[in-house]
Amino acid sequence: MSLQRKDLLGLRGMSAQEITHILDTALPMRDVIQRDIKKVPTLRGKTVVCLFYEASTRTRTSFELAGKYMSADTINISASTSSVVKGESLIDTGKTIDAMGADIIVIRHGASGAPAMLGKHVKARIINAGDGAHEHPTQGLLDMLTIRERKGKLEGLTVTILGDILHSRVARSNIWGLTTMGAKVRVCGPATLLPPEIESLGVKAYTSVEEALEGADVVNVLRMQLERQQKGLFPTIREYARLYALNQERLKRCKSDVLVLHPGPMNRGIEIANDVADADFAAIEEQVTNGVAVRMAILYLMMGGGAAHGSVH
Amino acid sequence: MSLPVKAHLMDSEGIRRAITRIAHEIVEKNQGVEELVFVGIRRRGVPLAQRLREKIADIEGLQIPLGALDITLYRDDLTTLHVQPLIHKTEVPFSIDGKIVVLVDDVLYTGRTVRAALDALMDIGRPQAIQLAVLIDRGHRELPIRADFVGKNVPTAKKENISVRLQEIDGDDVVSIQEISF
């Protein structure tokens, strides 16, 4: 099968079969990353443009490396050093990149829905690398790959997502993906950082960390997005850390083989204690490696398709 | 998809004889087997390589290392494929540097699979030489590739298909020629 859509905008509406296919495809990709020669010719002659309107280290580098490992030409465009500063609109920038022959545009934008809008105006296929507080599908997929690798399954697991749910696109993609795959999802944070009616997405919401962690198989700790906290949604960082940071004491409430995830970059001492971040039960570096593998799988699957062709021997 | 069978080319006994003959040819050509490693092309090249390995163990008393190669990422027809093949793992758990690699596949047709496999092998290491063993050579090469060891040469038309079924994957051993209806 190939991905049955032009653009990859989110995990909402993606079937369990599609998600499984992407995760299965990511496994041999990880083997490629671990080889001495990290290069296969799969996407030779294809062009991937990473168009980033927001700062990013791991997602942008990860997409860039994913493309390079598969021999695609990858180009990075940051809004701050492009014609965007001259006032060019997103659609015009997209059309310009399209006219230059890009096959895939990977876009990160501060506005929810920007990738969907761009996708309607360009021929290139669009991958959402994070849009506002909407979705970050490849992060959701790499989280699921990491959980599936460590736990052997997704179905039936209890996953607690802890932190600023309101502003988090990672939380939304995790919720859509994990519930589709049959996991039980809990979200937890201060009441001001929980979107109203979040439970309509099929999750259980908690304001008490202790309750939310009770018997959890996985805890996904979100980054406190300090740059989005200008509205006074909680009194002080120190108070947030005291009430919500994941520390060893709180972890005792989870299952003994708990897995801790964090999408990075971490605010150590705010949402996650130092000794938790560096412990064996945390898979934060594995997540980064899996991120490259998942993005290779996505690029591969999105570049496939077309007319039927006989078998090759 | 099952296509109408025009003729059966080999049964279990025929495949066994072909494997035996190829095993002897491999030993003779290489004056022994010390430097050899087998790499089967997924999927049916792998059980064939396994059978060759067992046969050579009977003849020479030596177990040759065996790896499995998935060439999906090396295909040159990604964008013309309607359905993307599931990528399997490449498992070559030994160094091929300086070794004579015997690449094994079920059918040799256009040569594109073998070209992809050669590229994949070069990314894994630097063998002294690569030899090619196939159960069936059906002709119609699109690249200048020739097998060193062939179980059976079968002249075919392009509208025909060669079906190789192996016990390990399909539950029985049979090679047949089928008619593709357009």
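All of these numbers come straight from a predicted model, not from anything done at the bench.

**Q** What am I meant to see in the packing of aromatic side chains here?
**A** What characterises a pair of aromatic rings is the spacing of the ring centres plus the angle enclosed by the ring planes. Residue and element names in this part refer to chain A. Under the defined criterion, the tally for this structure stands at two aromatic pairs over all chains. Here the aromatic rings of Y240 and Y244 are separated by 5.4 Å at their centres, their planes lie at 20 degrees, and the arrangement is stacked. In this pair, Y240 and Y244 are both assigned in helix α8 (residues 237-244), four residues apart and thus about one turn of the helix distant. With respect to burial, Y240 and Y244 carry one shared label: buried. Connected via pairs of aromatic rings, a cluster forms that spans F234, Y240 and Y244. The side chain of K204 reaches across the aromatic face of Y206, ending 5.7 Å from its centre.

**Q** I'm lost on the sheet that holds strand β4 (residues 125-131) of chain A in this one. Help?
**A** Two strands in a sheet stick together by hydrogen bonds in their backbones, pointing the same way (parallel) or opposite ways (antiparallel). Residues and elements named next belong to chain A. If you trace the four strands from one edge of the open sheet to the other, you get β2-β1-β3-β4, paired in parallel fashion. Strands at the two margins of the open sheet, each flanked by one partner only, are β2 (73-78) and β4. Each strand of the sheet is rotated relative to its neighbour by a mean of 15 degrees, with strand direction disregarded. Two elements, strand β3 (residues 104-109) and β4, share five bridges in a ladder whose sense is parallel. Bridging from a neighbouring strand, I104 pairs with R125 of β4. The sheet strands contacting helix α11 (residues 284-303) are β1 (47-52), β3 and β4, and the helix crosses β4 at an angle near 150 degrees.

**Q** How should the environment of I19 of chain A be read in this particular structure?
**A** Residue and element names in this part refer to chain A. Relative to the assigned elements, I19 resides in helix α1 (residues 16-33). It is 7.6 Å that separates the C-alpha atoms of I19 and L141, two residues lying 122 residues apart in sequence. Excluding its chain neighbours within four sequence positions, the residues that come into contact with I19 are M14, L141, M144, G177, T180 and M181.

**Q** For this particular structure, what's the right way to read the domain arrangement of chain A?
**A** A common way to state how big an interface is: give the accessible area lost once the parts meet. Residues and elements named next belong to chain A. Segmentation of chain A into domains returns domain 1 (16-134 + 289-303) and domain 2 (137-288). When each unit is reduced to the centre of its C-alpha atoms, the spacing between domain 1 and domain 2 is 25 Å. Taken together, the 28 residues of domain 1 in the interface contact 27 residues of domain 2. Where domain 1 abuts domain 2, roughly 2,200 Å² becomes buried across the two surfaces, and 57% of that area is made up of carbon and sulfur atoms. Together, L23, R58 and N290 form the three largest contributors to the area buried by domain 1 at its contact with domain 2, with a combined 26%. Where domain 1 packs against domain 2, one counts three salt bridges. The shortest N-O distance in the salt bridge between R148 and D24 comes to 3.0 Å. At the junction of domain 1 with domain 2, the criterion picks out 15 residue pairs in polar contact (both at pLDDT 80 or more). Sorting elements by how many residues they give to the side of domain 1 that touches domain 2 places α1 first, with nine residues.

About the cut-offs
Residues numbered from 1 in each chain as written. Chains lettered and ligands numbered in written order. Predicted model: local features only at pLDDT ≥ 70, side-chain atom pairs only at ≥ 80, totals over all residues. Heavy atoms only, no water. Phe/Tyr/Trp six-rings, centres within 6.5 Å; stacked < 30°, edge-to-face > 60°. Helix = DSSP H or I, 4+ residues; strand = E, 2+ residues; numbered from the N terminus. Buried < 20%, exposed > 50% of the residue type's maximum accessible area, 1.4 Å probe, protein only. Lys NZ or Arg CZ within 6 Å of the ring centre and 35° of its normal. Pairing = 2+ DSSP bridges. Axes fitted to C-alpha atoms, helices over the stretch in contact; angles between N-to-C directions. Contact = heavy atoms within 4.5 Å. Domains from an automatic or database assignment. Buried area = accessible area lost by both parts, 1.4 Å probe. Salt bridge = Lys/Arg side-chain N within 4 Å of Asp/Glu carboxyl O. Polar contact = N/O pair within 3.5 Å; in protein donor to acceptor, adjacent residues only side chain to side chain.

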